[in-house]
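Architecture and fold: a report
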Amino acid sequence: MIRPVEHILIPLGLIAVGALLGWSFFLAVTGEAGERLAAVALAHVPDSGVSNPVTSVLLNFRAYDTLLELAVLLTALLGIWSLGSADAGFQPAASVLEGMVAGFVPLLILSAGYMLWVGAYAPGGAFQAGALLGAAGVMLALAGHPNAGLPSEGRLRLLVALGVFVFATTGLLLMVVGDGFLTYPAGLAKWLILMIETAATLAIGATLAAAYLGGIPAAHPKTGETA
Amino acid sequence: MTNQVLFAQLLYGGSGILLILLGLWSFLVHAPLLRKLIAINVMGAGVFHILVAIAYRGIETPPDPVPHALVLTGIVVAVSATALALAFGKRLDQDADPG
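Small disclaimer: the values here were computed from a predicted structure and weren't measured. (Residues numbered from 1 in each chain as written. Chains lettered and ligands numbered in written order. Predicted model: local features only at pLDDT ≥ 70, side-chain atom pairs only at ≥ 80, totals over all residues. Heavy atoms only, no water.)

Quick notes on the overall build of chain A
The test is simple: Helix and strand labels come from DSSP, where a helix needs a run of H or I of at least four residues and a strand needs a run of E of at least two; each type is numbered from the N terminus. Here the globule rule reads 2.2 Å times residues to the power 0.38, and the radius of gyration is calculated from C-alpha atoms. Exposure categories follow from relative accessible area, calculated using a 1.4 Å probe and restricted to protein chains: below 20% of the type maximum is buried, above 50% is exposed, and the middle band is partly exposed.
In terms of helices and strands, chain A carries eight helices and zero strands. Each helix and strand of chain A, placed in order from N terminus to C terminus, yields the pattern α-α-α-α-α-α-α-α. For 227 residues, the compact-globule formula gives about 17 Å, and the C-alpha radius of gyration of chain A, at 22 Å, lies well above that figure. Each principal axis of the C-alpha distribution contributes one length, and for chain A these read about 70 × 65 × 35 Å. Looking at the 227 residues of chain A, the share that counts as buried comes to 40%.

The structure is reproduced here in structure tokens:
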């Protein structure tokens, strides 16, 4: 049986939306480019303290956006934690999986460090490095490690708030010394960006792994430490 | 802008639009929360396709960094929003079916 809404109305509406999207996209890529932000952004990359255009946009020109991004992550995790405690977790892994995890997790942490450093002049940066750290946590959780290798709850709270804290504090301190909020002074920019990115990487990694657990981590089974 | 760049942009952006429509359709038609969540993520992937396609300037010229930064942050927001929605869904299931 044909249900009119589901089989006629929605497809017709979607075709209309698709035609509109396709038309505007076609105009966007074929039409006169006009004044684009790309030229301005690329022209100012040398002043930004890093030579990778994407990192300079993320951590310098649109640093506000990235700060709020970290706040979104933190808020999502707080929402997840407010819903109760995490499930008991998985069985301890068999030896093959355990061996593989033992090999891969250090490699992931190493790659995260590389990603963080290389983000200054090539594709990479805090978000990619944080995603790798988060993946390491997910891998540990899947292999049956309690709490995905995250520290105890008190320290975990500090860790997930670290990104927003360092970012906002840097911005406020820059205001105190007379520059604008998150307007890095030339010369210092590179080190400020690296510091913020390091804190953001740790916070993103811990947040993603904690979000994967799906609730407040349970107390550690052996030590009784709330982890 | 050469034809080859335009072709790549239209192909990639067109697939992005297709993904958005597929996701939107699935979101509207299917009732279960998990299917809606997957649909939203498919839509998000479509949006990222379009942003990356708009940023493309050919192999030799560097891409527009502004849409790229948007995609990067967008991925992280999508992941965390999905995690939050899954936690909500799990809690709803627990409350609907105690024990």
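Side note on the nonpolar core
Note the cut-off: Residue types Ala, Val, Leu, Ile, Met, Phe, Trp, Tyr and Cys, when buried and joined through side-chain atoms within 4.5 Å, form a set referred to as a nonpolar core. Residue contacts are defined here by distance: any two heavy atoms, one from each residue, within 4.5 Å place the two residues in contact.
Ranked by internal contacts, the top residues of the largest apolar core, which has 30 residues, are Leu58, Phe167, Tyr184 and Ile204 of chain A. Contributing elements (two or more residues each) for this core: α3 (53–61), α4 (63–82), α6 (126–142), α7 (153–176) and α8 (189–213) of chain A together with α3 (65–96) of chain B. Counting residues per element, this core draws most heavily on α8 of chain A, at eight residues. Sequence-distant contacts of Leu58 of chain A, that is, excluding residues within four places in its chain, are made with Ala63, Thr66 and Phe127 of chain A together with Ala69, Leu72 and Thr73 of chain B. Residues Ala86, Ala141 and Leu156 of chain A together with Leu84 of chain B belong to the second largest nonpolar core, which totals 20 residues.

Some thoughts on the interface of chain B and chain A
Formally: Defined here as a combined quantity, buried area equals the accessible surface (1.4 Å probe) lost by two parts on assembly, summed across both. The term salt bridge refers to a side-chain nitrogen of Lys or Arg lying within 4 Å of a carboxyl oxygen of Asp or Glu. Within 3.5 Å is the distance limit for a polar contact, defined as a pair of N or O atoms, with the added protein rule that one can donate a hydrogen and the other accept it, and that residues adjacent in sequence qualify only through two side-chain atoms.
Counting from both sides, the interface comprises 38 residues of chain B and, opposite them, 36 residues of chain A. Carbon and sulfur atoms supply 80% of the area that chain B and chain A bury against each other, a total of about 3200 Å² over both sides. Among the residues chain B hides against chain A, the three largest losses belong to Pro65, Leu72 and Val76 of chain B. Together they make up 16% of the total. In this structure, the connection of chain B to chain A is made through zero salt bridges. Counting every contact that joins chain B to chain A gives three residue pairs in polar contact (both at pLDDT 80 or more). Only α1 (3–29), α2 (33–55) and α3 of chain B provide two or more residues apiece to the side of chain B that touches chain A. In terms of residues, the side of chain B that touches chain A owes the most to one element, α3 of chain B, which gives 19 residues.

Observations regarding α2 of chain B
What counts, and what does not: A helix is expected to reach a length of 1.5 Å times the quantity of its residues less one.
The end-to-end C-alpha separation of α2 of chain B is 33 Å, in line with the 33 Å expected for 23 residues at 1.5 Å each. All buried positions along α2 of chain B are accounted for by Leu37, Ala39, Gly44, Gly46, Phe48, Ile50, Ala53 and Ala55 of chain B. If you follow the buried residues of α2 of chain B, they end up packed against α1 (4–30) of chain A together with α1 and α3 of chain B.

Thoughts on the pattern of salt bridges
Enumeration according to the criterion identifies four salt bridges over all chains in this entry. Two residues, Arg62 of chain A and Asp65 of chain A, come together in a salt bridge whose shortest N-O distance is 3.3 Å. A relative accessible area of 22% places Arg62 of chain A in the partly exposed class. Owing to a relative accessible area of 26%, Asp65 of chain A belongs among the partly exposed residues under this scheme. For Asp95 of chain B, the salt bridge goes to Arg91 of chain B, with nearest N and O atoms at 3.5 Å. Taken together, the positions of Asp95 of chain B and Arg91 of chain B, both in helix α3 and four residues apart, correspond to about one turn of that helix.

Regarding the environment of Gly144 of chain A
Residue and element names in this part refer to chain A. Following the sequence through the fold, Gly144 ends up in the loop between α6 and α7. Of the residues examined, Gly144 reaches a relative accessible area of 18% and is grouped as buried. Once the C-alpha coordinates of Gly144 and Gly89 are considered, the two residues, 55 residues apart in sequence, prove to be 6.6 Å apart. Dropping the residues within four chain positions of it, Gly144 is found in contact with Phe90, Gln91 and Pro92.

Quick look at the side chain of His30 of chain B
Residues and elements named next belong to chain B. Here His30 is to be found in the loop between α1 and α2. Classification of His30 by relative accessible area gives buried; the value is 16%. Once residues within four sequence positions are removed from consideration, His30 is found in contact with Trp25, Arg35 and Lys36.

Here's the deal with the packing of aromatic side chains
All names here are of chain A. As a reminder of what qualifies: Pairing of aromatic rings covers Phe, Tyr and Trp, the last counted by its six-membered ring, and requires centre-to-centre distances within 6.5 Å; plane angles under 30 degrees mean stacked, over 60 mean edge-to-face, and any other angle means tilted. As a reminder, the over-ring test applies to NZ of lysine and CZ of arginine, requiring each to be within 6 Å of the ring centre and within 35 degrees of the ring normal.
Inspection of every chain in the model, using the stated rule, returns one aromatic pair over all chains. Measuring from ring centre to ring centre gives 5.3 Å for Tyr64 and Phe181, while their planes differ by 40°; the resulting arrangement is tilted. Of this pair, Tyr64 sits in helix α4 while Phe181 is found in the loop between α7 and α8, placing the two residues 117 residues apart along the sequence. When the ring centre of Trp191 is taken as origin, the NZ or CZ atom of Lys190, which lies over that ring, is 5.6 Å away.

Some thoughts on a nonpolar patch on the surface
Selection rule: The residues that make up patches have over 30% relative accessible area and no salt bridge, and they are joined within 9 Å when like-charged or within 5 Å when they are Val, Leu, Ile, Met, Phe, Trp or Tyr. All accessibility values rest on the Shrake-Rupley procedure with a 1.4 Å probe; residue burial counts only the protein chains present in the view.
A cluster of nonpolar side chains, contributed by Leu97, Met100, Phe104, Leu107 and Leu110 of chain A, occupies part of the molecular surface with about 470 Å² of accessible area. Leu110 of chain A gets classed as exposed once you look at its relative accessible area, which sits at 61%.

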